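This is what each chain is made of:
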Amino acid sequence: MLQTSQLVKRYDKNLAVSSISFSVQPGEIFGLLGPNGAGKSTTINIITGLIRKDEGRVLVGGADLDKDLVKCKYMMGIVPQDLAIYSDLTAEQNVRFFGSLYGLKGGKLEENTKETLEFVGLYERRKDRAKTFSGGMKRRLNIACGLVHRPKLLILDEPTVGIDPQSRNHIMESITQLNKQGMTILYTTHYMEEAEHLCDRIAIMDMGQIVAQGTLPQLRAMVEEHWYITMALKGEVPMEQLRMVEGVEQIDIRDHRYRFSCKQKKNQLRDLLDLLIHHQVEITDMDINEPDLEDIFLTLTGKSLRD
Amino acid sequence: MRFLKFLKKEILHILHDSDSLLLMVLFPFALTLVLGSALSGAFDRVVNMPQISLPIVSKGDMQSSLFINQGRSAGISFHETSLKDAKEEAKTGESDGYITLDGKGVSYYTDNPGSISAMVVRTYSGIFAKQATMANLAAQKGKLDLIAPRMGNYVESQGIDLENEPSSFGYYGITMLTMIMMYGAIQAANMMDLERKERTYQRLKTSPYSMNGVFLAKSGVSVLALLVQAAILMITNRLIYQVDYRNMLMVTLMLIPYALFCGGLGLMMYQVLGNARSANSVLNLLIFLLVFIGGGYVPLSIMMPGAANIASYSPVGLINNGLFDYIYKNDLASIIRAMAVTGGLGFIMLAVAYMLYRKEEGSNRAAGY
């Protein structure tokens, strides 16, 4: 459905996107995962035709973006990271207007508008102006405006930023539902949990490049010689000494628990436990996990996804 | 079809901004009232003559009777009285002075020699005295036919045709109209900025709808909105202040090129300066200057005699003068010229705005960087 090949984008001397190549198969949810500034939005903006690329090629549904821009645009729907709705218009007016831009008219436009508003749970509030909506409702309206014309490829650029967990879950359920109906989705996020939960395949981006891509098992296999130990600790934790233990690459604190990213070495766990006991640190819980995306990102880039 | 949908959306935005709409009508309406009332004197062509009534002390002879009777036709009412009473009236303020008429001549006593009534009495008395002298000379020469004074209407006076000049309300009924249309340039800039402010520019740009269509819709609605506001203001002025526009439909049509000028100015400033805040700052200053030079606030000829010609250096002045000539003199020459100049400038500015707008396509600025 979507194919990018060697995309490059420069801003003055800075390389915002460097040789990005990936493809999105019809009917799948493909994730672009990376921290802020990784180049995700720039990549999206190139694909949607918002900005010009310096090098590379983009094919949407087989059509070349450079040669058949309008045809490509008809196939895509965009849900931008920033809310892109008219606050003084009603929900219905917003959806109807954006639907009309894609050639919808008459009964078809009305039908699509109604169905889309029902889908995002805003039909009851269709006559209310967008400025009266909560943040979560505005996000849902933002999505509705992007899918009213039933695009073949829906591109969502960090659609859950800054909203409450309930609205976030609603959005994620909606995306899953859309995908079940056959829509191809390109989803960018810096939330690991979203990518893990939603995406069939994920490309991990950092500093304008894709550092790895594949399904979650494939990405895990890239770090198979690593293991990840999570511990709940009480007392003064000797961080510097723990880092000195052979094979320990990173110690991350997540939700008050210490997560050790380690290249597997003999007696490694024993050395860690000995050190903690020696410093009278109480270990209240311990777990050895499969690597999650955060771990994979950390191992591949040396940085935390949350930085 | 999509273009009509876009037009409808733009109109909805304007209608939803009721505060601005109200301001665009109420503001010039209120200014017309304030300026029209405050400066009504500057536009008046008629000076009201006071009623003149003076006591006269005379011998009661034929000359006195002639003086009194002919004074009546000059608008002066004399009543005979004694010198003592005449002085008393002048002292108490019942009259502005008094006249004495004797064999030596006419004497006028007043404490207010600079007043209009004093000037009239002095003029009349002077003429009467000279005529009397001429009559005496004629009698001495035996020219009896020249003795009878002829103080008839030997001076023919014609007033200025007041119907060809606007009153103060008539003046501001036009200048406030063109002024508020100039402020429509700010409205046009803000309309273009709306997409950036609401971040909907991204949706428009990534949709298959042509960017030409976006620009056309924005320009079209900004011009249309100005004309509708002008029509509302004209109707309001006509109803409340009885401002004469001769033919409101014609005036509205005449304002189309000017509306193009105002809209084009706003759109061009926005594209050149890149943001609404800077554009609004510059436009506020520019509009004030153009309206001021065009005589929008006060006729320049009042402040600086001989400065009336400066107004033609401002498009606002051109349009104002053109409308005055059409409405009050039924003369189309200057309005046609004003339409050509403002329409031409408006078209050029729109073209510049469009070129800069198109240059944005695919630029980094389009993505909000």
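Residues numbered from 1 in each chain as written. Chains lettered and ligands numbered in written order. Predicted model: local features only at pLDDT ≥ 70, side-chain atom pairs only at ≥ 80, totals over all residues.

What follows deals with the overall build of chain B. Counting its secondary structure elements, chain B contains 15 helices and 4 strands. For chain B, the share of sequence-separated contacts (at least 6 apart) that also reach a separation of at least 24 residues comes to 70%. (Helix = DSSP H or I, 4+ residues; strand = E, 2+ residues; numbered from the N terminus. Contact = placed C-beta atoms within 7 Å.)

Time to look at the interface of chain A and chain B. Across the boundary between the two partners, chain A contributes 28 residues, which contact 21 residues of chain B. Of all elements in the fold, only helix H2 (69-75) and helix H3 (91-101) of chain A reach the threshold of two or more residues within the side of chain A that touches chain B. Ranked by residues supplied to the side of chain A that touches chain B, first place goes to H3 of chain A with 5 residues. Broken down by class, the residue content of the side of chain A that touches chain B amounts to 17 nonpolar, 6 polar and 5 charged. (Nonpolar A, V, L, I, M, F, W, Y, C, P; charged D, E, K, R; others polar.)

It is worth spelling out the packing of helix H9 (residues 211-241) of chain B against helix H11 (residues 256-273) of chain B at this point. All names here are of chain B. Axis separation between H9 and H11 bottoms out at 9 Å; the angle between their running directions is 130°. Put simply, H9 runs oblique to H11. When you trace H9 past H11, the crossing you get is right-handed. Here Ser 219, Ser 222, Val 223, Leu 226 and Leu 227 of H9 come into contact with H11, specifically with Ile 256, Ala 259, Leu 260, Cys 262, Gly 263, Gly 266 and Leu 267. Partitioning the contact of H9 with H11 into residue classes produces 8 nonpolar, 4 polar and no charged. (Axes fitted to C-alpha atoms, helices over the stretch in contact; angles between N-to-C directions. Parallel < 35°, antiparallel > 145°, perpendicular 65-115°, else oblique. Left-handed = near helix turned anticlockwise from the far one by under 90°.)

So, on to the sheet that holds strand E12 (residues 248-254) of chain A. All names here are of chain A. A sheet is described by the order of its strands in space; here 4 strands give the open sequence E12-E13-E11-E14, paired in antiparallel fashion. With one partner strand each, in any of the chains shown, E12 and strand E14 (282-289) form the two edges of the open sheet. Geometrically, the sheet is characterised by an average inter-axis angle of 20° between neighbouring strands, direction not taken into account. Where strand E11 (residues 226-234) meets strand E13 (residues 257-263), 6 bridges bridge the pair, whose relative direction is antiparallel. Across the sheet, the residue bridging to Thr 230 is Arg 259, located in E13. (Pairing = 2+ DSSP bridges.)

With that settled, the discussion passes to the pairing of strand E2 (residues 14-24) of chain A. Residue and element names in this part refer to chain A. Of the pairings in the sheet, the one linking strand E1 (residues 2-11) to E2 comprises 8 bridges and is antiparallel in character. Across the sheet, residue Gln 3 finds its bridge partner in E2, namely Ser 23. Linking E1 back to E2 in an antiparallel pair, the connection comprises 2 residues, with Asp 12 at a positive phi of about 55°.

Residue and element names in this part refer to chain A. Considering the arrangement of structural elements, one finds Glu 246 in the loop between helix H9 (239-244) and E12. Between the alpha carbons of Glu 246 and Leu 272 there is a distance of 9.5 Å; along the sequence they are 26 residues apart. Those residues in contact with Glu 246 that sit more than four places away from it in its chain are Lys 265 and Gln 268.

A few words now on the sheet that holds strand E6 (residues 76-79) of chain A. All names here are of chain A. Read from one edge of the open sheet, 6 strands run E6-E7-E8-E3-E9-E10, paired in mixed fashion. Both outer strands of the open sheet, E6 and strand E10 (209-214), are each paired with one neighbouring strand and no more. Between one strand axis and the next, the sheet turns through 15° on average, direction left out of account.

All names here are of chain B. In this model helix H7 (residues 168-197) runs 42 Å from its N-terminal to its C-terminal C-alpha over 30 residues, within 8% of the 44 Å that 1.5 Å per residue would give. Along its length, H7 reaches its greatest deviation from straightness, about 25°, at Met 191. Of all 30 residues in H7, 24 are buried; the element is thus mostly enclosed. Once H7 finishes, Arg 199 follows within two positions and takes phi at roughly 65°, a positive value. (Expected span 1.5 Å × (residues − 1). Bend = angle between axes of the 7 residues up to and from the residue. Buried ≥ 20, exposed ≤ 12 C-beta atoms within 10 Å, placed from the backbone.)

A separate point is the confidence of the model for chain B. The predicted model of chain B averages 83 in pLDDT, with 86% of residues at 70 or higher. When mean pLDDT is taken per element in chain B, H11 of chain B scores highest with 95 and helix H3 (residues 40-43) of chain B scores lowest with 61. (pLDDT = per-residue confidence, 0-100.)

Let us look at H11 of chain B. Residues and elements named next belong to chain B. Spanning 18 residues, H11 covers 26 Å between terminal C-alpha atoms, matching the ideal 26 Å at 1.5 Å per step. Within H11, 15 of the 18 residues are buried, leaving the element largely enclosed by the surrounding structure. Positive phi appears at Gly 274, one or two residues downstream of H11, with a value of about 85°.

All names here are of chain B. Here Gly 343 is to be found in helix H15 (residues 333-359). Considering only alpha carbons, one finds Gly 343 and Gly 142, 201 residues apart in sequence, at a separation of 76 Å. Every residue in contact with Gly 343, bar those within four places of it in the chain, is listed here: Pro 257, Leu 260 and Phe 261.

Another aspect to go through is the nonpolar core. One broad rule of soluble globular proteins: the nonpolar side chains tend to lie buried together. Leu 141, Ala 144, Leu 153 and Ile 155 of chain A are the most contacted members of the largest nonpolar core, which has 74 residues in total. Looking at this core, the element that brings in the most residues is helix H5 (residues 135-147) of chain A, giving 6 residues. Non-local contacts of Leu 153 of chain A, meaning those with residues more than four positions away in its chain, are made with Met 1, Leu 2, Val 60, Met 75, Met 76, Thr 184 and Leu 186 of chain A. In terms of nonpolar packing, the next biggest core, distinct from the first, is built from 62 residues, Tyr 171, Val 223, Met 268 and Val 291 of chain B among them. (Core = buried A, V, L, I, M, F, W, Y, C linked by C-beta atoms within 7 Å.)

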